[in-house]
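Here is how the chains run, residue by residue.
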Amino acid sequence: MSLEAFISKLDQLQAAATEALAAAANREALEAARIEFLGAKSGQLKAAQKQLGTVAGPDKPAAGKKFNAAKMAIEQAFDAAQTRLESAPPTSKDGALFDITLPGEPIRIGRRHPVTQTIAELKDIMGRLGFTAVDGPEVEDEYHNFEALNIPEIHPARDPLDNFYLAAAEQQHASASPLLLRSQTSTVQIRVMEETQPPVRIISLGRVYRPDQPDATHYPMFHQMEGLYIDKQVTMADLKSVLRLFATSYLGRDVHVRFRPSFFPFTEPSVEVDMSWGDRWIEFGGAGMVDPHVLKAVGYDPEEVTGFAFGLGVERLCMRRHHITDIRYLFANDVRFLRQF
Ligand code: PHE
């Protein structure tokens, strides 16, 4: 090949390469152009290098010089294209621009259920008042749910229609005390007193079950906070003080606590516990002085120790605090509702 032909070939090659590299619109196009012109195996520059060998001897230095100049120019064009694409705004696969100023997709972080949050807060408040949280089983036997709480066989509270008894096949064995889903957390009072000597100062927070038709204030499963305090000379005044301290901590300074006479088989006297802000009284649960029969049944001496017990509805507290008007919202699992807590 003559020197002139070689030089003109390289001029064309350089022009084509710099044009292609400058036109590369994305990384893929740039890579294709790099392979086409600078590729080590079959790139066009490589082919031109081979033709350099066919230029006549005396012209070789000039041809080599031309080759090197063209190679350098193409490599510079490649570097420039690369820099241009790296600093360009990001594009998707099809080359479309991303608008980096658009708001991102929010990552939704889960949170604890409002009832769970309430339970944690109640534990915290009662903990500061010296009450230790304990747990008890949700599947309970009749002895702990009724018998030991002074609720005899003939009592209407034991009606199978008012309780979730386990099916016969799920009962442990025919001779054992029949099993049911506990209808109250007072069961835990008995379990704790069976195992510990006074003084006792515990709370128990958990689920209870009653076959109620769901409406704005009823649900077949809900939570109670049971409290039990047994010691020498515990009185009804202590009960009221503890409930008032609890209520003002959870709901606010301006809360009033009121007792109304009532009846529970395991407390004597017994009261309903109401709380109010301004105008309206709401019933939150029951309470009373632990009946001496109950103390005796667990082996305590009612002449030595006395105590109080209370059971409050956790959902009611949570609903009052957050102005929730229907208990069913709490269990519908609608994230639009749950996200607010
Ligand atoms: N267990 C009772 C209920 O479910 C509440 C209660 C607890 C009453 C402790 C007195 C003492 O309604």
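Residues numbered from 1 in each chain as written. Predicted model: local features only at pLDDT ≥ 70, side-chain atom pairs only at ≥ 80, totals over all residues. Heavy atoms only, no water.

1. Focus on the domain arrangement of the protein
Accessible area lost when the parts come together is the quantity often used to give the size of an interface.
Part 1 of the reasoning: Parsing the protein into structural domains produces domain 1 (3-87) and domain 2 (114-136 + 190-338).
Part 2 of the reasoning: Computed from C-alpha atoms alone, the centre-to-centre distance between domain 1 and domain 2 is 86 Å. (Domains from an automatic or database assignment.)

2. Quick look at a negative patch on the surface
Part 1 of the reasoning: Where like charges cluster on the molecular surface, the negative patch consists of D159, D162, D212 and D215.
Part 2 of the reasoning: Tracing the backbone through its elements, the reader meets D215 in the loop between β5 (200-209) and β6 (221-231).
Part 3 of the reasoning: Its relative accessible area of 32% is what places D215 among the partly exposed residues. (Patch = residues over 30% accessible without salt bridge, like charges linked within 9 Å, V, L, I, M, F, W, Y side chains within 5 Å. Areas by Shrake-Rupley, 256 points an atom, 1.4 Å probe, with all protein chains shown as cover. Salt bridge = Lys/Arg side-chain N within 4 Å of Asp/Glu carboxyl O. Lys, Arg positive; Asp, Glu negative; His and termini not counted. Charge placed at Lys NZ, Arg CZ, Asp CG, Glu CD. Helix = DSSP H or I, 4+ residues; strand = E, 2+ residues; numbered from the N terminus. Buried < 20%, exposed > 50% of the residue type's maximum accessible area, 1.4 Å probe, protein only.)

3. Some points on the sheet that holds strand β1 (residues 132-133)
Part 1 of the reasoning: What the 7 strands build is an open sheet, ordered β1-β5-β6-β10-β9-β8-β7; its pairing is mixed. Each of the sheet's edge strands pairs with one partner strand only, and the pair in question is β1 and β7 (256-264).
Part 2 of the reasoning: Summarising the sheet, β7 and strand β8 (residues 267-277) pair through 8 bridges and their orientation is antiparallel. By the bridge assignment for β8, P261 is matched with V271.
Part 3 of the reasoning: Against the sheet, helix α7 (residues 186-195) engages β5, β6 and β10 (306-313), with an angle of about 40 degrees to β6.
Part 4 of the reasoning: Against the sheet, helix α10 (residues 314-322) engages β5, β6, β8, β9 (280-290) and β10, with an angle of about 60 degrees to β10. (Pairing = 2+ DSSP bridges. Contact = heavy atoms within 4.5 Å. Axes fitted to C-alpha atoms, helices over the stretch in contact; angles between N-to-C directions.)

4. Some thoughts on the packing of helix α2 (residues 27-38) against helix α4 (residues 60-86)
Part 1 of the reasoning: Running from amino to carboxyl end, α2 crosses α4 at an angle of 170 degrees, the nearest separation of the two axes being 11 Å. On the basis of the axis angle, α2 is roughly antiparallel to α4. Within the contact between the two elements, α2 uses R27, L30, R34 and L38 and α4 uses I74, E75, F78, A81, Q82, L85 and E86.
Part 2 of the reasoning: Taken together, the residues of the contact of α2 with α4 break down into 6 nonpolar, 1 polar and 4 charged. (Parallel < 35°, antiparallel > 145°, perpendicular 65-115°, else oblique. Nonpolar A, V, L, I, M, F, W, Y, C, P; charged D, E, K, R; others polar.)

5. Brief notes about the site of the ligand
Part 1 of the reasoning: The immediate surroundings of the ligand are formed by 14 residues, with Q184, S186, R210, Q224 and G311 found nearest.
Part 2 of the reasoning: At 2.8 Å from an oxygen atom of the ligand is found a side-chain nitrogen or oxygen belonging to R210.
Part 3 of the reasoning: In this structure, an oxygen atom belonging to the ligand sits 3.0 Å away from a side-chain N or O atom of Q224.
Part 4 of the reasoning: A total of 330 Å² of accessible area belongs to the ligand in isolation, and the protein chains cover 91% of it.
Part 5 of the reasoning: When residues of the shell around the ligand are traced back to their parent elements, those giving at least two are α7, β6, β9 and β10.
Part 6 of the reasoning: It is β10 that provides the largest number of residues to the shell around the ligand, a total of 3 residues.
Part 7 of the reasoning: Its residues placed into classes, the shell around the ligand shows 5 nonpolar, 7 polar and 2 charged. (Near = heavy atom within 4 Å. Polar contact = N/O pair within 3.5 Å; in protein donor to acceptor, adjacent residues only side chain to side chain.)

6. Here we look at the side chain of T185
Part 1 of the reasoning: Mapped onto the elements, T185 comes out in the loop between β4 (179-181) and α7.
Part 2 of the reasoning: The buried category is assigned to T185, whose relative accessible area is 0%.
Part 3 of the reasoning: There is a polar contact of 2.9 Å between the side chain of T185 and the side chain of E226.
Part 4 of the reasoning: Once you skip the residues sitting within four places of it in the chain, T185 turns out to touch S204, G206, V208, Q224, M225 and E226.

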